[in-house]
Every structure is written in C-alpha cells, then in structure tokens.
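Residue-level structural notes
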Amino acid sequence: MIDPLFLSITELGAAYRSGTLSPLAVTRLALERIAERDAALNAFITVLGERSLARAAVAEQELKAGRDRGPLHGVPIAIKDLVDMAGVPTTFASRAGSPKQPTEDAPVIRYLEEAGVVILGKTNLLEYAYGAVHPDFGQTNNPHDPKRTSGGSSGGSAAAVAAGFCFAALGTDTGGSIRIPAAYCGIVGLKPSFGLVSTTGVQALSWSLDHVGSLARSSVDAALLLEGMTGRSFPVAPRDLKDLRFGVVRHEGAEKFLEPEVTARFEASLARLHSSGATVETVTIAGLEQAAEALIALIAPEASVIHEQRIASEPESFGPLTRQQIQAGFKVPATAYLKALRVQASLKARFASLFDDFDALLSPAVPWVAPAEDPALEGEGGAGELLYSAVYNLTGLPALVLPMGAAGMPVGLQVVSRWGSDAALLSLGNSLEAVQDSGEPPAKLPAPGSS
C-alpha cells in the first residue's frame with residue numbers, strides 16, 4: 001500500500017473527494033511523522049500542531065459542504081521560516097532581530113490560505129538565507145543520509161518534502177537556494193521567473209536576485225503550489241520530446257568539481273532525450289564564467305544594506321560566518337557592484353537570444369551529491385556549489401531541478417527556459433520525469449550535437 005504521505009497532490013485530492021482520506025486524518029499523520037522523525041533531520045523550527053489541525057478540520061467541513069477551493073484544499077505544506085505569517089513567530093534561523101512577531105500575512109501566505117492549504121509549520125534554513133548555519137539552530141540533515149546536509153538555504157523545506165512530512169513547501173532562491181536542496185534531497189525544485197511570485201513579507205537577502213518558489217515531489221505538484229502562491233493558473237500538459245532542441249550549457253572549469261556519478265547520470269539523461277527524438281547540442285556562452293563572481297558582488301553589498309541596523313545594534317546575535325559576510329559586504333567597492341550589473345545585463349541578453357534556437361537549456365543542478373555540510377559561500381566549495389545555479393538568478397530565467405535516477409544519493413538535472421515560460425517549463429519537466437529512471441546508463445551514449 002502506498003504511504004498516504006507520499007501520494008501526489010492530485011492523488012491526495014482525489015482521495016479527499018472520494019472519502020477514502022480526510023484532511024484531518026492526513027494532517028494528524030503528518031504531525032505524527034514530524035514528531036517521530038524530525039529529531040534526526042531538524043527540518044522544522046516551528047510546528048503549528050493545533051493551528052494546522054484546526055485548519056484541516058475547516059477544510060474537511062468545507063469539502064463535505066461542497067465548498068471546494070481547488071487542488072490544494074486541505075493539503076499539508078510547510079513554509080520557510082523567513083516568510084511572515086500573522087501570529088506566528090519568524091526566526092530567520094537567527095538570534096538577530098528574532099523572533100519577529102508579524103501582524104500581517106505575506107501575500108504568498110494569503111494566496112495559499114485562500115486556496116485552502118494546511119500549513120504544518122515553519123522550516124529551518126541557513127541564517128537569514130545567507131549561506132551559513134547559526135549554531136543555535138543547526139544544520140538540516142538529508143533524509144537519504146542524515147550524516148549529510150540537505151542543502152541551503154531552503155534545506156528544511158526540501159528535507160520536509162523528501163521525508164514525507166508534507167506534500168510541498170515554499171522556499172526562496174537567491175543563488176540556488178531552492179534548486180541545490182532539491183538536488184541533494186532528490187525532489188523537484190522550481191525557481192520561477194524573476195518577479196512572478198511576490199516577495200513582499202518575505203525577508204530579503206538581495207532585492208536584485210531573490211525569488212520565491214516551490215519544492216515538491218513532481219513538476220505537477222510544483223505547478224500546483226505555484227498556482228497557490230500566485231492565484232494564477234499554470235496548466236501542466238505533457239510535451240512530446242521528439243524534435244525539441246536542448247542546449248547543454250558548457251561551464252568552463254566544471255571538470256574540477258564534477259563527481260563521476262553526477263557526470264554518468266547527466267550523460268544518461270542526455271542519452272534518453274536523444275532516444276526520445278530530441279536534439280541535444282552543446283552551447284558555449286561568452287561571459288558565463290563571470291556569473292558567480294557577479295552574483296556575490298550583488299548579494300554582498302545588498303545584504304549588508306538590508307542588515308545595516310541589525311549588524312550595528314546586535315552583531316553578536318548573528319552566527320560568526322553570517323556576521324563576517326555582512327561586515328565584509330560594506331567593503332565591496334561601488335565599481336565592483338556596477339561591473340556586476342553590467343555582467344548581469346550582458347548575460348540576460350545572451351541567454352534571451354539562445355531561446356530563438358533552443359526550447360530549453362540543460363545542466364546538472366550541482367556538480368556533486370550532498371556533502372557532509374554546506375560549503376562556505378566564498379571559496380572553492382561555494383564556487384562549485386553555485387557553478388550551475390548562479391547565472392539563473394542573475395538572468396531571472398525560470399529554472400527547474402528534477403531528480404535523475406533513484407539509486408544512491410540523489411543527483412539533480414536543471415532545466416531552464418525563457419523568461420515568463422513557467423507553465424511550459426513545468427510541462428517539459430513533467431515529460432522529462434517520465435524518461436528518467438533508476439537503471440544503469442545506456443551502454444553507448446551519443447555525443448551532444450549528434451542526432
């Protein structure tokens with residue numbers, strides 16, 4: 001029998017409406033699982049037990065009375081703990097400015113609650129989403145191997161979905177913070193087009209780069225959560241992969257970071273695309289090697305401006321590495337910031353032109369499987385982790401991460417499409433999920449560019 005907490009959102013909704021499951025029973029089951037298993041993972045900071053049961057009871061009554069709010073009605077989800085919920089503390093996984101006591105819901109929360117979701121709680125994250133664990137809150141561990149990290153900064157949300165604590169979760173992504181944890185935890189992560197989801201009431205890290213998005217177990221579920229966060233429709237329809245053109249983005253210097261397992265699974269995925277009738281070609285993009293440096297040159301001073309009052313009034317309340325990064329951001333020269341803006345504009349133009357020739361771009365999500373702990377943002381480890389993700393925060397393009405195979409530690413495939421094409425990207429993700437499997441790579445792999 002399928003574990004009810006691992007049903008798809010569509011399957012769960014059908015079970016609710018047929019009467020074989022109920023929102024209250026499923027919410028109780030989710031809370032029990034969190035209580036039993038989260039001590040090993042540290043995915044949640046705040047569990048809203050009584051509140052979530054009350055919301056589930058309301059959802060159950062509404063469905064029985066024929067007031068159907070749609071596919072998310074009664075679905076248990078989780079929220080990254082830097083989003084305002086009225087009456088619920090926001091900790092930011094920090095002691096600085098924490099806990100905040102919001103009096104209003106962020107727009108994304110209003111939309112989600114109008115859609116009838118049951119919010120189980122607020123999830124753990126890297127402190128203020130800035131690449132480092134606060135020692136008082138600790139790392140979120142990976143459900144596939146608790147001796148490894150679930151990634152950051154939306155690691156609590158990713159672990160909660162992967163562990164079956166909830167059916168989907170809200171995350172944020174400024175340099176890869178949805179996509180990296182999704183890859184490490186073997187789930188789907190969507191960084192939508194820049195500006196699509198409101199960031200009002202969501203603690204900022206970098207106003208130029210912040211995105212709010214979905215963590216789920218399928219592209220369809222990610223689309224449903226995106227609909228819930230925006231009040232808009234993002235229909236997912238399977239796409240025929242035959243005759244689609246995929247560009248494999250070449251990242252200079254990737255070889256020094258790539259682990260053999262990631263390379264093998266990525267090449268196997270390309271081979272399956274080829275076998276499905278798609279065209280796969282390697283793409284080289286001028287200036288791509290500047291993306292990660294430009295990203296840091298934007299994040300660092302913007303984060304320092306955002307935290308200027310906090311770092312002045314209570315510097316010791318931040319974790320040591322976060323404090324160090326905020327203080328360093330004040331020293332970034334204006335010329336470095338302006339050069340980064342120029343790199344950003346140049347890369348936006350170059351990537352936009354690629355979609356005249358390609359339906360989507362592909363790369364691994366991260367060059368390695370989940371490590372024991374999150375690497376420091378600056379330095380070799382940070383450069384490797386940001387290798388494939390940073391440029392899509394700079395360009396604002398929608399980027400989707402899918403799991404590649406099920407054997408061993410998870411590995412992620414990143415799929416990117418033109419700005420504003422989120423529904424088409426999720427539809428493509430749905431079709432790509434169907435050609436992924438856990439088998440061995442094909443014996444003979446066509447080279448990218450062959451047809």
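What comes next is a walk through the structure. (Residues numbered from 1 in each chain as written. Predicted model: local features only at pLDDT ≥ 70, side-chain atom pairs only at ≥ 80, totals over all residues. Heavy atoms only, no water.)

Some details on the packing of aromatic side chains
Inclusion rule: Put simply, two rings from Phe, Tyr or Trp (the six-membered ring, in Trp's case) pair if the centres are within 6.5 Å, and we call them stacked under 30 degrees between planes, edge-to-face over 60, tilted for the rest. Going along the chain from the N terminus, every DSSP run of H or I of four or more residues is numbered as a helix, and every run of E of two or more is numbered as a strand. Any residue under 20% of the maximum accessible area for its type is buried, any over 50% is exposed, and the rest in between are partly exposed; the area is computed with a 1.4 Å probe on protein chains only.
For the structure on display, the rule yields five aromatic pairs. With centroids separated by 6.1 Å and ring planes inclined at 75 degrees, the aromatic side chains of Phe257 and Trp368 adopt a geometry described as edge-to-face. Here Phe257, found in the loop between strand 9 (245-249) and helix 8 (260-275), pairs with Trp368, found in the loop between strand 11 (360-364) and helix 13 (380-385); they are 111 residues apart in sequence, far enough to count as distant. Plain terms: the ring middles of Phe351 and Tyr392 are 5.5 Å apart, the flat faces sit at 85 degrees to each other, and that makes the pair edge-to-face. Of the two residues, Phe351 sits in helix 12 (residues 334-354) while Tyr392 sits in helix 14 (residues 390-395), which places them 41 residues apart along the sequence. A relative accessible area of 0% means that Phe351 is categorised as buried. Assessed through its relative accessible area of 1%, Tyr392 is described here as buried.

Quick look at empty space enclosed by the protein
The condition is simple: Within this scheme a cavity is a closed region of a 1 Å grid, computed over the protein atoms alone, that accommodates a 1.4 Å probe without allowing it to escape, whereas a pocket is open but has protein on both sides within 12 Å along at least five of seven lines; lining residues each have an atom within 4 Å of a point. Grid points are joined across faces, edges and corners, and a volume is the space filled by probe spheres set on the points. All residues other than Ala, Val, Leu, Ile, Met, Phe, Trp, Tyr, Cys, Pro, Asp, Glu, Lys and Arg, Gly among them, are scored as polar; the first ten of these are nonpolar and the last four charged.
Summed over the entire model, instances satisfying the criterion amount to five cavities of 30 Å³ or more. Reported here for the largest cavity is a volume of approximately 220 Å³. Forming the boundary of the largest cavity are 21 residues, of which Gly131, Gly152, Ser177, Leu377 and Leu386 lie nearest the centre. Mapped by element, the contributors of at least two residues to the lining of the largest cavity are helix 9 (291-306) and helix 13. Class assignment of the residues belonging to the lining of the largest cavity gives a composition of eleven nonpolar, eight polar and two charged.

Regarding the pairing of strand 5 (residues 145-149)
The side chains of a regular strand alternate between the sheet's two faces. Rules: Here a strand pair is declared whenever DSSP counts at least two bridges between the two strands.
Pairing between strand 4 (residues 141-142) and strand 5: two bridges, direction antiparallel. Pairing of Asn141 across the sheet is with Thr149, part of strand 5.

Concerning helix 7 (residues 219-230)
In plain terms, the rule: By this rule the span expected of a helix is its residue count minus one, scaled by 1.5 Å.
Compared with an ideal rise of 1.5 Å per residue, which puts twelve residues at 16 Å, helix 7 spans 16 Å between its outermost C-alpha atoms and is within 8% of the ideal. Of all twelve residues that make up helix 7, ten are buried, and the element is covered over most of its length. Here helix 7 has its buried residues at Ser219, Asp221, Ala222, Ala223, Leu224, Leu225, Leu226, Gly228, Met229 and Thr230.

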